[in-house]
Structure formats: structure tokens, C-alpha cells
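# Fold and contact review
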Amino acid sequence: MTRQKTLAGLSVLVQDGKLDPVTLAEETLAGIEAHGDQAIFVGLTRERALKEAAAASSRIRAGRSLGLLDGLPVAWKDLFDVKDSVTTAGSAVLRDTPPAGSDAAVVAAVAGSGMVSVGRTNMSEFAFSGLGINPHYGTPHNPASTDVERIPGGSSSGSAAAVAAGLVPAAIGTDTGGSVRIPAAMTGIVGYKATRGRYSMKGVFPLAESLDSLGPLCHTVQDAVWLDAAMHGLTAPVVRRGEVAGLSIVIPETIVFDEAESEVVEAFEDAIKRLEKAGATVTRRPFPTFKAVFDLMARHGALVTAEAYALHRERLAGPEAERIDPRVVARTRLGEKITMPDYIALLDARDQLIHETVESLKPGELIVHPTLPHVAPPVALLLADDELFFKTNARTLRNTLIGNFLDFCGISIPCGTGAGEMPVGLQLAAPHHHDDRLLSIALAAEAVIRGEA
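Summarised in this report is the structure supplied together with it. By convention here, each chain's residues receive numbers from 1 onward along its written sequence. Note on the predicted model: pLDDT of at least 70 is required for a residue's local features to be given, and 80 or more for side-chain atom pairs to be given and counted; whole-chain, interface and lining totals, by contrast, use all residues. Just so you know, side-chain values use all the structure's heavy atoms and leave hydrogens and water out.

## Considerations on the overall build of the protein chain
Strands here are runs of E lasting at least two residues and helices are runs of H or I lasting at least four, both read from the DSSP assignment and numbered beginning at the N terminus. Scanning the protein chain from terminus to terminus reveals 15 helices and eleven strands. Against the compact-globule benchmark of 22 Å for 453 residues, the protein chain has a radius of gyration of 21 Å, which places it among compact chains. Counting only C-alpha atoms, the protein chain reaches 60 × 60 × 40 Å along its principal axes. Contacts: residue pairs with any heavy atoms within 4.5 Å of one another. Of the contacts formed within the protein chain by residues at least 6 apart in sequence, a portion of 78% connects residues at least 24 apart. Accessible surface for the protein chain amounts to roughly 17200 Å². Of this, 53% is attributable to carbon and sulfur atoms. Counting rule applied: Lys, Arg positive; Asp, Glu negative; His and chain ends not counted. Working definition for charges: the position is that of NZ of Lys, CZ of Arg, CG of Asp or CD of Glu. Each charge class in the protein chain can be summarised by its mean position, and for the 42 positive and 54 negative side chains these summaries are 3 Å apart. A radius of gyration in this sense is built from C-alpha atoms; the matching globule rule multiplies 2.2 Å by the number of residues raised to 0.38. Here the Shrake-Rupley method, with its probe set to 1.4 Å, supplies the accessible areas, and only the displayed protein chains count as covering residues.

## Thoughts on the sheet that holds strand β10 (residues 409–417)
The pairing criterion is simple: DSSP has to find at least two bridges between the two strands. Pairing in this open sheet of eleven strands is mixed, and the strands run β1-β3-β2-β4-β6-β5-β10-β11-β9-β7-β8 from one edge to the other. Across the chains shown, the open sheet's two edge strands, defined by having one partner strand only, are β1 (41–44) and β8 (281–285). Averaged over all pairs of adjacent strands, the angle between strand axes in this sheet comes to 25°, irrespective of strand direction. Pairing of β1 with strand β3 (residues 116–121) involves three bridges; the strand directions are antiparallel. Paired with leucine 44 across the two strands is glycine 119, which belongs to β3. Fitted lines through C-alpha atoms serve as axes, helices being fitted only where they are in contact, and the angles separating the N-to-C directions of these axes extend from 0 to 180 degrees.

## Thoughts on the packing of helix α9 (residues 288–300) against helix α14 (residues 386–405)
Where α9 meets α14, the axes come as close as 10 Å, and the angle between the chain directions of the two elements is 90°. It follows that α9 is roughly perpendicular to α14 by the angle criterion. When α9 is examined against α14, the residues Phe290, Val293, Phe294, Leu296 and Met297 are found in contact with a partner set consisting of Arg398, Leu401, Ile402 and Phe405. Of the residues belonging to the contact of α9 with α14, the class tally is eight nonpolar, no polar and one charged. Throughout this description, any angle smaller than 35 degrees is read as roughly parallel, any larger than 145 degrees as roughly antiparallel, any in the 65 to 115 degree range as roughly perpendicular, and the remainder as oblique. Note on residue categories: nonpolar means Ala, Val, Leu, Ile, Met, Phe, Trp, Tyr, Cys or Pro, charged means Asp, Glu, Lys or Arg, and polar means any other residue, Gly included.

## Focus: the pairing of strand β2 (residues 73–77)
Between buried and exposed lies partly exposed: a residue is buried under 20% and exposed over 50% of the maximum accessible area for its type, with that area taken using a 1.4 Å probe on protein chains only. For β2, the buried fraction is high: five of the five residues fall into the buried class. Pairing of β2 with β3 involves five bridges; the strand directions are parallel. From the neighbouring strand, valine 74 faces β3, where its bridge partner is serine 117. By convention, a crossover is right-handed whenever its connection, traced from the first strand over the helix to the second and viewed with the strands pointing away, goes clockwise. Of the crossover connections in this fold, the one passing from β2 over helix α4 (residues 105–112) to the parallel β3 is right-handed. Pairing geometry for β2 and strand β4 (residues 170–175), over two bridges, is parallel. Bridge assignment links alanine 75 to a residue of β4, and that residue is alanine 171.

This is the structure in C-alpha cells:
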């Protein structure tokens, strides 16, 4: 039986008693096991899923539903501790570590909403790539590709592929430089990166704690709003639907369009025209702070690299380094060259740039630009050429990492297609802790952005 893909669609069936959560869980697990791409998941939590589904079924039959998400499936990027399951962070070196003794805080929060955890999804090793290639567990196929095999985007590669392939209605990822928004844009789904600290990071394997944030990957903004509420322990969403009419958006003229594919720009500009027709006011202006982010990295090194090296330096100095993807090793070891004065200079300058960027925005103004400058490229060329791999990785991360460095929240929404009929994403972004407003506007604007209104 074909099920509706969205959480909202499934919720109607489950809450009305037309679809039993146990049946849904069994169908979901069977679909994952029978799927042609076995690189999407690194493991299933079958026993837990069936137990949680049975509990949801009993509650709903007794008229005690926990809410909109009760009994619905969810998958977790392999950075989240899920009790009795091994957190490998996409790496072979952690494969034999003991299973987690407890859930990560956000896993427990989502379980509290009644959601059914079905498994762990694949990812870039240690989350240190925007491409989604993994030599240990395989690279998930991009479900949106109809010509050649293309990358899914990373580092939340399996999470995006699982949703885009219709295996689960939602998955939860992490985002340090774009790792939710990049694969969402490449596979044609919605990816929301919350403000850093909006959810607890307890029990989540880090990459760079100054930049790490979390967020859902799903089919609609509505689903993202529901998941956001569950992830920080709310029993129901508090976000209100906003209005496009009167919305003020600004398109940066700095960095984000450099070397962008013409088809990506065309799809983005068509979406902007639709937003203007719906009543949004659009302005374009330079953002000197965007360029300053990259000038800082050129002068002092990347903040993510410094913190990733500090996390993994002992691992890189020992025999485990031989079992890690050489491209991950090479990129992480760049952090060895970043001195403590460099690191402090980065943090100090970051605070100033965050302040300057926020001050440059008018009240209520949102930043809008293409999530990525290109569509998902073919896998084969990247596997064959390390230089091309690193160049493509840097280009892929470029637009999204700005938001992590400046502590923005952001959401990628599909806005059309580019080369090879591959999806193009449009990112709406707002200053830190403006998540509710961002989601409010995204709810109102989604149909317009997609060209469905």
C-alpha cells in the first residue's frame, strides 16, 4: 500500500484510526530492508520501533494520543546516541564501541512526542564533508537523480536520501557548515537548521561545538515546524503562519552567486519573482561581512577545522588514522597549523561580524539566496580526483557555512530544477533566535517558492 509521504498526511490516517502505528512501523522497516540502496541506513532499531509503535497504537485506541506525531516514524543521523545502538559517526573506527547507554536528549524529546525511531542513517565520516561520500558504509544514491549517479550531499546524506526516497517521512540531522541544508537542497526536500543551542546537544557526537546545530529533514515546512516543537520538548507547535504580503527580503550581492550555475540562478530568480508578485518587497545589496568570513579563514584558518582537529588529534596521531577516509584525515590535519592566537582571533572577529550583520538588517528583514551555487554533481568524478573532491566540497559548503559562522538559522526549500533536472534549493535565513519568525514566514512562502501557489 502506498502511504502519504508527509508527517501531516500520515498523522491524519493514524489519528483517525485508519492506519495502525504498528502496521506503519512494519511497512517502514520492510521498505528500508527491501530498498535497492542499502547505503542509506547503517542500522535499524527494529525492536525499539515495534515496541514504540505498539505503545502508540494502544494510546491512540484508548483516546490518549500524545499529539500530532504520535506513532509516526523517524530516523536519526549516526551522530545521535540511540539507546542500545552503536554511534559510529560514519566511521569504521567507532564500529566496535559499546552501544549507547541512553538516548541523546533530543532523541528522548522526540520519543516523548510518540515518534517511532526506526534506525540510524549514513553520513560523511565524522560529519566532515558537504558531499556525503562515505568509503566505509557506502555512499547513498541521490533519489532525485535520473541520469547518472549523483551525490546526495552531506554530511546528513542518509537522512536526506531516506526522506527523498520515501523510506521515512522525516529524519534528524546535524548542521555545522550546511549539513542539513546541503543534502536537502540536492535531493529536493526541506531542511531546517535551527539556531545553535535551540536544542540540547547532549548525546550528539560533535564536529565543532562553536558551530554545531541540529535540524530536521522532511518534505514540507509544516512537518519541520512539528518536528521543531518535538525536538525541544513542546507538546504542540507555537509557530503561527505568517504572510508573504509585506514581507521584506534582501538578496546578498556578495559571495553567494559567485560561479553559480546559470540554471540555479534562473530557478532562484523565478522564485523571487513569484514572491514579489505575492507581495514581498525585495532589495539587493552587498554584505561585506560575508566576504570578511572568508578573509578571516584565509588569514587564521577555519574555525571548524581548528575544533575538529582538537577533537580528533589523538586519533590522527595513532594507528586509527589508517582506518579513516584519507580525505577526512587530510582536511582535519589542516587544523594542526591553526595556533591558539589564530583561534582566539577567529572567535573575537566572529562576535563582531555577527553583531555587524544583525545591525545591517532592517527589522523583520530575511536574507534569501540560493542554498547552493550548483546542483548535485556526479559521484564518479569526485571519487577519481581528490583535487576535484576538495574544490567541490569547498564550493558546496560556501553559501551555507556563512550562516553557521554568523550564527543564523536557515531553511532550504525546493524552488525549481537546474542542470540534469536536479533540484535547486532557496534558503531563507534570519539572525540567531529568530527561528519562530523564520518558520512562520517559511510556512506562508513555501507554496510560492515551489511555484505551487
